[in-house]
Amino acid sequence: MHIKTKSIPWIIIGSYFLFGSLWILLSDMILYRFSFDFITNKQIGLYKGWFFIFLTSLFLYFLLKYLLQKNKEMENQLLESEERYRRLVESSPYAICLLKDGEITYTNHTGLRMAGVNSLSDLYLHRDSLVVNPEDQRKIKEILHNIHTNQNKDSETIEYQLLRSNNDIMDVESTLIPIRFDQKVMTIIQTRDITERKQAVKELWEAKQLIHAIISASPIATLALDMDANIRLWNPAAEKIFGWKSEEVMGKKSPIVPQGEKDITIPEIISHGHIVNKEVQRLRKDGSIVHTALSTAPIVDENGKIDGIMAAFLDITDKKKTEEALLKTEKLSAVGQLAASVAHEIRNPLTSVKGFIQLLNDDQSIAEKTPFLPIMLSEIDRMDAIIKDLLVLAKPQASHFTFFSLNKLISYVLQLLSTQANLYNITFIKHFTEKDDTLYGEENQLKQVFINLIKNAIESMPEGGSVSLRTFATGDLIEVTITDEGVGIPDHKLKTLGEPFYTTKEEGTGLGLLSSFKIIENHNGRIAFNSEVGIGTTVTLHFPKNNSPST
């Protein structure tokens, strides 16, 4: 039982009053009930009084002894509790201060150590306040004022910088707790050092900003996916490479996997670990395909559990084009070397054969008996022309560049091919420029180019049709378009046109377009094919007017 010290007098008085009243009442009732003699009753009353004093003395003795013992136990418990809480406060890692009437009346060792002083008297020895920032000083004073005027009965926490005695600055966090004792309001201030935490938060923020800057500045498209394959990160390079803005794809499934392309699933990535530079095709927003090198890495949480995937796509479209161009160049080089070798080996014996046939043809007696000798000479001349075309693949023939009319050259080619056009029921439609159509180049080589292209147009229309030819001069360029109404060329074949030995014809060799591409390249020109299956094909050529042969 807990007895307050100030209650002891009242307990004694009350107990004495109650005991005395009961004794007088009960003893008198018993005495007058059994005896009616006044003298006897007076003598008995005298003894009764002495006996009452004796009993009350015993009662008060044992009552006081009991109360003093209980009070002693209470004091011991209070001292024990005080010692326990004192040790708890002194050993606390937090600085604990008691603020009374605006002054710190107590602080534990942690508080002294945090302030950098040895005693409470040294706390304000060289400064009025330990708070660095005046604005923080104002906030703390406002909180204390609200506590002391009973406007704020709840604890409040504030972060600020503490100025230590050695002028070091420490980041701290203080909780101001109002307490009431003897009708007075005091404040317990519990403070902890958060310098390391603030530094860790700062370093974490800087690391986050650095990572964000690296990802934002990276030319590699970087994506982060959660375990449901929803997009969590989409950097600017991804916007540039794939075309979708970040706000269009965040929280959604990835839209970059083309139809028919097998996507790499998250379980596959987890089971295989890191994927490095795996070539995959991905889809742009405009529907085009981009060639990429995919690398992946898992994202783990603080427990080491995988909760997402980071995927990086490097655009290797230009690299693929470069590789294809190098491969094509290697093929051209090989074909050129082969053409030069074959032409050299054939030309020598062909020259000898041609010389002997000319000797026979010059002999009148033999010429009359063999009327096919002129035909043989004509065919040998044609073979020699073919050999010259083969040499174009090996070495540009730049020594015969002259100025000539492009319209006249195309008209001559149309006249040359008119017989074949009639056989296929083909009509030619000409739209020639009236401006200057003079071109600088090797006329015979360009004649061969137009023969190849127009023959291809004719042969693409077995059921007949028309071939439109248009020339247009603008600035320093001359543009030529050849449009047919043929079967067209599929998209996958358009990319391979001009490669050695690749042809869309059953009996073709694949060298006609190859030599044409080479001739146009030697004239610093460009050629482009645009075709639709079942509709037809348009070939567009661009030539510079004032051209200089490439070497």
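To start, this report covers the structure provided alongside it. Counting of residues starts from 1 at the beginning of each chain's written sequence and follows it residue by residue. It should be noted that, the model being predicted, local features are given only for residues of pLDDT at least 70 and side-chain atom pairs only at 80 or more, the latter also being counted only at that level, while totals for whole chains, interfaces and linings use all residues. Calculation of side-chain values draws on the structure's entire complement of heavy atoms; hydrogens and water are dropped beforehand.

## Considerations on the overall build of the chain
Inference 1: Strands here are runs of E lasting at least two residues and helices are runs of H or I lasting at least four, both read from the DSSP assignment and numbered beginning at the N terminus. Along the backbone of the chain there are 15 helices and 17 strands.
Inference 2: Whether a residue is buried, partly exposed or exposed follows from its accessible area with a 1.4 Å probe, protein chains only, as a fraction of its type maximum: under 20%, in between, or over 50%, in that order. Taken across its 551 residues, the chain has 34% of its residues classed as buried.
Inference 3: Every residue pair with non-hydrogen atoms within 4.5 Å of one another is taken to be in contact. Summarising the internal contacts of the chain: among those between residues at least 6 apart in sequence, 56% fall at separations of at least 24.
Inference 4: Accessible area for the chain stands at about 35100 Å²; split by element, carbon and sulfur atoms hold 57% of it. Surface accessibility follows the Shrake-Rupley procedure with a 1.4 Å probe radius. Residue values consider only the protein chains on display as shielding.

## Some words on the packing of helix α12 (residues 406-423) against helix α13 (residues 443-459)
Angle between the axes and distance between the axes are the two parameters that describe a pair of packed helices.
Inference 1: Fitted lines through C-alpha atoms give the axes, limited to the stretch in contact for helices. The angle between two N-to-C directions lies from 0 to 180 degrees. As a packed pair, α12 and α13 sit with axes 10 Å apart at the nearest point and diverge in direction by 40°. Looking at the two axes, α12 sits oblique to α13. Taken as a pair, α12 and α13 cross one another with a handedness that is right-handed. Touching L406, L409, I410, Y412, V413, L414, L416, L417, Q420 and A421 of α12 are E443, L446, K447, F450, I451, I454, K455, I458 and E459, all from α13.
Inference 2: Gly falls in the polar group here, along with every residue not listed as nonpolar (Ala, Val, Leu, Ile, Met, Phe, Trp, Tyr, Cys, Pro) or charged (Asp, Glu, Lys, Arg). Tallied by class, residues from the contact of α12 with α13 come to 14 nonpolar, one polar and four charged. The labels follow the angle: roughly parallel below 35 degrees, roughly antiparallel above 145, roughly perpendicular from 65 to 115, and oblique for the rest. The handedness criterion is simple: a crossing whose near helix is rotated anticlockwise from the far helix by less than a right angle is left-handed, and one whose near helix is rotated clockwise is right-handed.

## What about a nonpolar patch on the surface?
Inference 1: Patch rule: a residue counts if its relative accessible area is over 30% and it has no salt bridge; like charges are joined within 9 Å, and nonpolar side chains (Val, Leu, Ile, Met, Phe, Trp, Tyr) within 5 Å. Each salt bridge in this description consists of a side-chain nitrogen of Lys or Arg and a carboxyl oxygen of Asp or Glu lying within 4 Å of one another. Together, F54, L58, Y61 and F62 make up a nonpolar patch on the protein surface, roughly 440 Å² of accessible area in all.
Inference 2: You can see F62 is positioned in helix α2 (residues 38-90).

## Notes on the sheet that holds strand β12 (residues 426-431)
Backbone-to-backbone hydrogen bonds pair the strands of a sheet. The strands run either parallel or antiparallel.
Inference 1: Between any two strands, pairing holds if DSSP finds at least two bridges. Strand order across the open sheet formed by five strands is β12-β14-β15-β17-β16, with mixed pairing between neighbours. Pairing within the sheet leaves two strands with one partner each, and these edge strands are β12 and β16 (526-532). Neighbour-to-neighbour, the strand axes of this sheet turn through a mean angle of 15°, independent of strand direction.
Inference 2: Pairing between β16 and strand β17 (residues 536-544): seven bridges, direction antiparallel. Bridged to A528 within β17 is T540.
Inference 3: Packed on one face of the sheet, α12 meets β12, β14 (465-474) and β15 (477-483) and runs near 170° to β12.
Inference 4: Its contacts with the sheet place α13 against β12, β14, β15, β16 and β17, and it is angled at close to 165° to β17.

## Observations concerning the nonpolar core
Inference 1: Counting residues in hydrophobic clusters, the biggest one holds 36 residues, and the most contacted among them are F450, L453, I454 and L541.
Inference 2: Of all elements in the fold, only α12, α13, β14, β15, α15 (512-522) and β17 reach the threshold of two or more residues within this core.
Inference 3: Among the elements that make up this core, the one with the highest residue count is α13 (eight residues).
Inference 4: When near neighbours in sequence (up to four residues on either side) are disregarded, F450 contacts L406, L409, I410, V413, V480, I482 and F543.
Inference 5: In this description, a nonpolar core means a group of buried Ala, Val, Leu, Ile, Met, Phe, Trp, Tyr and Cys residues linked to one another through side-chain atoms lying within 4.5 Å. Among the nonpolar cores identified, the runner-up in size contains 23 residues, and L123, I140, M170 and L176 belong to it.

## Examining the side chain of D171
Inference 1: Here D171 lies in strand β4 (residues 169-181).
Inference 2: Working convention for charge: Lys and Arg count positive, Asp and Glu count negative, and His plus the chain ends are omitted. No salt bridge is formed by the buried D171; its nearest oppositely charged neighbour, K198, is found at 5.1 Å.
Inference 3: Each polar contact in these results corresponds to two N or O atoms within 3.5 Å; when the atoms are within protein, one needs to be able to donate a hydrogen and the other to accept it, and residues that are neighboring in sequence are counted only if both atoms are side-chain atoms. A polar atom in the side chain of D171 sits 3.4 Å from the side chain of Q161.
Inference 4: When sequence neighbours within four positions are dropped, the list of residues in contact with D171 reads Y160, Q161, R192, D193, I194, T195 and K198.

## With respect to the pattern of salt bridges
Inference 1: For the coordinates displayed, the defined rule picks out nine salt bridges.
Inference 2: The partner of E159 in a salt bridge is R197, and the shortest N-O contact between them spans 2.7 Å. Residue E159 is found in strand β3 (residues 156-163), and its partner R197 is found in helix α5 (residues 195-217); the two are separated by 38 residues along the sequence.
Inference 3: Salt bridges linked by common partners bring E159, E173, R192, R197 and K198 together as one network.

## Structural notes on the environment of G525
Inference 1: Assignment of secondary structure puts G525 in the loop between α15 and β16.
Inference 2: Separated by 18 residues in sequence, G525 and F543 place their C-alpha atoms 4.6 Å apart.
Inference 3: For G525, the residues in contact, after removing those within four places along its chain, are I520, H542, F543 and P544.

## Notes on the packing of aromatic side chains
Inference 1: In this scheme Phe, Tyr and Trp rings, the latter by its six-membered ring, pair at centre separations within 6.5 Å, and the angle between planes marks the pair as stacked below 30 degrees, edge-to-face above 60, and tilted otherwise. Scanning the entire structure with this criterion turns up five aromatic pairs.
Inference 2: Ring plane angle 10° and centroid distance 6.1 Å describe the contact between F517 and F529, whose orientation is recorded as stacked. Placement of the pair is F517 in helix α15 and F529 in strand β16, with a sequence separation of 12 residues.

## Details of the side chain of N230
Inference 1: Summarising the element assignment, N230 is placed in the loop between β6 (221-226) and β7 (231-234).
Inference 2: Discounting residues that sit within four places of it in the chain, N230 has contacts with A224, L225, G251, K252 and K253.

## Focus on the sheet that holds strand β2 (residues 103-107)
Inference 1: The strand order across the open sheet built from five strands is β2-β1-β5-β4-β3, with neighbouring strands paired in antiparallel fashion. Looking along the sheet, the strands with just one partner apiece sit at the ends: β2 and β3. Sheet twist, expressed as the mean angle between neighbouring strand axes with direction ignored, is 35°.
Inference 2: In terms of strand pairing, β3 meets β4 through eight bridges, oriented antiparallel. Paired with L162 across the strands is M170, a residue of β4.
Inference 3: Helix α4 (residues 134-148) rests against β1 (95-100), β3, β4 and β5 (184-193) of the sheet, and its axis sits at about 140° to β3.

## A closer look at unusual backbone geometry
Generally, phi is negative for residues other than glycine and the peptide bonds are trans, each holding for most cases.
Inference 1: Even without a glycine there, the phi angle at A229 is positive, about 65°.
Inference 2: Here A229 shows up in the loop between β6 and β7.
Inference 3: For A229, a relative accessible area of 28% gives the class partly exposed.
Inference 4: Of note, N425 is a non-glycine position whose phi angle comes to about 60°, a positive value.

## A short note on α13
Inference 1: Here α13 is 17 residues long and its end C-alpha atoms lie 24 Å apart, about the 24 Å a rise of 1.5 Å per residue gives.
Inference 2: Of all the positions in α13, only Q445, L446, K447, V449, F450, I451, N452, L453, I454, A457 and I458 are classed as buried.
Inference 3: Capping the start of α13 is the job of one residue whose side-chain oxygen sits 3.0 Å from the backbone nitrogen of N444: E442. Given the number of residues in a helix, its expected span is that number minus one, multiplied by 1.5 Å.

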